[in-house]
Amino acid sequence: MKSIKENITLSNEIQQVFTKLSENIFPNTKVLVAVSGWPDSMLTSVLIYKYFLENKFDLNNLFFVHCNHKTRVETDDEEKFIRSFFDGLILNVCQYAWSDKSENVLREWRYSEFNKIIQKNKIGFLITGHNLTDRIESTFMNMCRGSGLNWFLSMKFVDQNNLIDWAKILRPLLSFTKKQIEKFCDSQNIPYRIDSTNFDQDTSFRNRIRLSILPKLAEISNKNDEFSCSFFESMKQIYYDIESKQDDLYIWNFVAIKVSPYRNADFAFLRDIPFWFIDENVLLAVLRKFNAYLDVTKKTLDDFLQFFHKAEQGYKYINWVYFFISNGKIYIIKAKQNFWEKCIEKEIIIDKIWNVEIWKNTVNIDSSEFIGKALRYPKPWDKFGSKSWWKYCINKKIPIFWRNFVPVVADWNEILKYFI
C-alpha cells in the first residue's frame, strides 16, 4: 500500500496552499493533523507532511491523530489502514468506549482527545480537512436555523473553536470542493476510505443538505459536478468578499493593554464609542476579530446587544473571550473562565526603601513606615480602611479583572497601600 512518504506532484493551485501555510507554520511550530481516512483528511495529511519535508522542518513537531468512533463495522479496518499509512510518524489513535454515540457526544469526545494531545505536546495548530463543500453545507445549515449573511463565514482558514484550549484551527483545503479533492487523490494514488453514512439522508441534517440541496443547485448552474460549477465558485467569492470587508473594519478602534502574566490573557479596550452604535453586524465582526464567533446563536447575539445598549457595569463571556463594561469603557479579554478569582501566592517582607519587584511587577516603596510589612497581592479577607477590599474597589471603580492582581502593602489583613 502507498505510504505517506512517497512523493506526489502538486498542482499550481495546491502550491498556493503552501504559501498560506508559510504565514502560520514556522520551523518550531507544532501541529496536530486530524485524520479520518477520508479523502479530505488524507490529502491534508500528505500536504502537511510534504510541507514539512520541503521546508526541512523537524518531523517531531508533526503529530497525527485518528479517532475510532466505533460507530460502524468498518471503523476497525479504517484504523488498521491509517496505522499502516502513517507508520514511522507520530500517530495517536483514540478509541471511543461508551454506548452513547450521538453526534454531539462524539464531537465533544473527539475534541477532548485533541485537547489532551495539544496540551501534552504544546501544539499550536489543529489541522483539519474541512473544505469548500463542508463550508457551504454549514452555511446552509445556519441559514435554515435563521441566520443571515454574516453567518456565511462558518469556517475560516485560520480559526478558533471553543472546544479547543488555546490552539488554533487551520483548514488548508477550504478553497477546494470534495470532488476536486477526490479527483486529486485519485490522480496521485493517495488511498482513502469512504464513510458509508455520508450517503444516508437520515443520518444527519448535514447529509440532507449534502445529498438533496447541493446537487440540485449544481444542476441548476448547468453543471452536474463540483469541478467548474458556477454556484460553488460564487460561494467561494462571497466568502472572500465578506472576509475582505471585515478586515477593513476599524470602527472599534482597539488599543492594546499590557498583557498580565497572572491572567494568561490577551487584551484590547475601547474608548469613546457610543454603545448605541453597536449593531449585530458590528458585534459579529468583533467576535470574528477575536475568534469568538463559533456556534453563536441569534439568541446569544440579541443578549449581547441588549447588554451593550444598557451600558451598565458587568460582563459577558463567550468562547474564552470576556466583554467587560466598566466605567464607560469596553474591555475585551481572552482568558480562562473566572480568571479574576485567582489569588497570587507571592509575598515579600519589606526590609528597606527601594524599588522592589514582586513577580514581574515593580513597585516603589517610598516610606520607612512600610518596613517590616508584607508586599503581596490581595486576599479574600483583606480590608482597606473600614471596607472590604472588594467593596473598596467597587467604590473606586477598579475593574473586577484587576482587583486580585494589584500589588499591596499589608499588615495582616489590613491593606495600607496599593499600586495600580
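Since the model is a prediction, treat every value here as computed from it, not as a measurement. (Residues numbered from 1 in each chain as written. Predicted model: local features only at pLDDT ≥ 70, side-chain atom pairs only at ≥ 80, totals over all residues. Heavy atoms only, no water.)

> Please set out the overall build of the protein chain residue by residue, giving values where relevant.
Helix and strand content of the protein chain: eleven helices and 18 strands. Once local pairs closer than 6 in sequence are excluded, the contacts in the protein chain between residues at least 24 apart make up 66%. Surface accessibility of the protein chain: about 21,700 Å² in total, with carbon and sulfur atoms responsible for 49%. (Helix = DSSP H or I, 4+ residues; strand = E, 2+ residues; numbered from the N terminus. Contact = heavy atoms within 4.5 Å. Areas by Shrake-Rupley, 256 points an atom, 1.4 Å probe, with all protein chains shown as cover.)

> How would you explain the pairing of strand 17 (residues 408-411) if you had to name every residue and give the values?
Where strand 14 (residues 374-376) lies against strand 17, three bridges are found, and the strand directions are antiparallel. Pairing of A374 across the sheet is with A410, part of strand 17. Of the pairings in the sheet, the one linking strand 17 to strand 18 (residues 414-418) comprises four bridges and is antiparallel in character. Counterpart to V409 in the pairing with strand 18 is K417. Connecting the antiparallel pair strand 17 and strand 18 is a turn made up of two residues, with W412 showing a positive phi of about 60°. (Pairing = 2+ DSSP bridges.)

> Before we move on, could you go through the environment of I118 and cite the residues and values that matter?
Of note, I118 is situated in helix 4 (residues 103-121). Between the alpha carbons of I118 and I164 there is a distance of 8.6 Å; along the sequence they are 46 residues apart. I118 has contacts with L32, I123, L126, I164, D165 and A167, leaving out every residue within four places of it along the chain.

> Break down the packing of helix 9 (residues 280-289) against helix 10 (residues 298-310) for me, with residues and values.
Relative orientation and spacing of two packed helices are given, respectively, by the angle between their axes and the distance between those axes. For the pair helix 9 and helix 10, interaxial distance at closest approach is 10 Å and the crossing angle is 105°. Taken together, the axis directions place helix 9 and helix 10 in an arrangement best described as roughly perpendicular. In this structure, helix 9 uses E280, L283, L284 and L287 to contact helix 10, whose residues at the interface are K298, L301, F304, L305 and F308. Of the residues assigned to the contact of helix 9 with helix 10, the class counts are seven nonpolar, no polar and two charged. (Axes fitted to C-alpha atoms, helices over the stretch in contact; angles between N-to-C directions. Parallel < 35°, antiparallel > 145°, perpendicular 65-115°, else oblique. Nonpolar A, V, L, I, M, F, W, Y, C, P; charged D, E, K, R; others polar.)

> Can you break down the pattern of salt bridges residue by residue, with the values?
Across all of its chains, the model carries 19 salt bridges by this definition. Close ionic contact of K417 with D366 constitutes a salt bridge, the shortest N to O distance being 3.5 Å. Of this pair, K417 sits in strand 18 while D366 is found in the loop between strand 13 (361-365) and strand 14, placing the two residues 51 residues apart along the sequence. The exposure class of K417 is partly exposed, given its relative accessible area of 25%. Put simply, R72, E74, E78 and D195 are held in one network by salt bridges that share partners. (Salt bridge = Lys/Arg side-chain N within 4 Å of Asp/Glu carboxyl O. Buried < 20%, exposed > 50% of the residue type's maximum accessible area, 1.4 Å probe, protein only.)

> How would you explain helix 3 (residues 75-85) if you had to name every residue and give the values?
For helix 3, the full list of buried residues reads T75, E78, E79, F81, I82 and F85. Considered in projection along helix 3, the buried side chains sweep an arc of 160° and stay on one side of the axis. Seen from the open side of helix 3, the exposed residues pointing more than 90 degrees away from its buried face are D77 and K80. Tucked inside the fold, the buried residues of helix 3 contact helix 2 (39-54), strand 2 (62-68) and strand 3 (90-95). (Arc of directions from axis to C-beta.)

Don't take any of this as a statement about function, it's just geometry.
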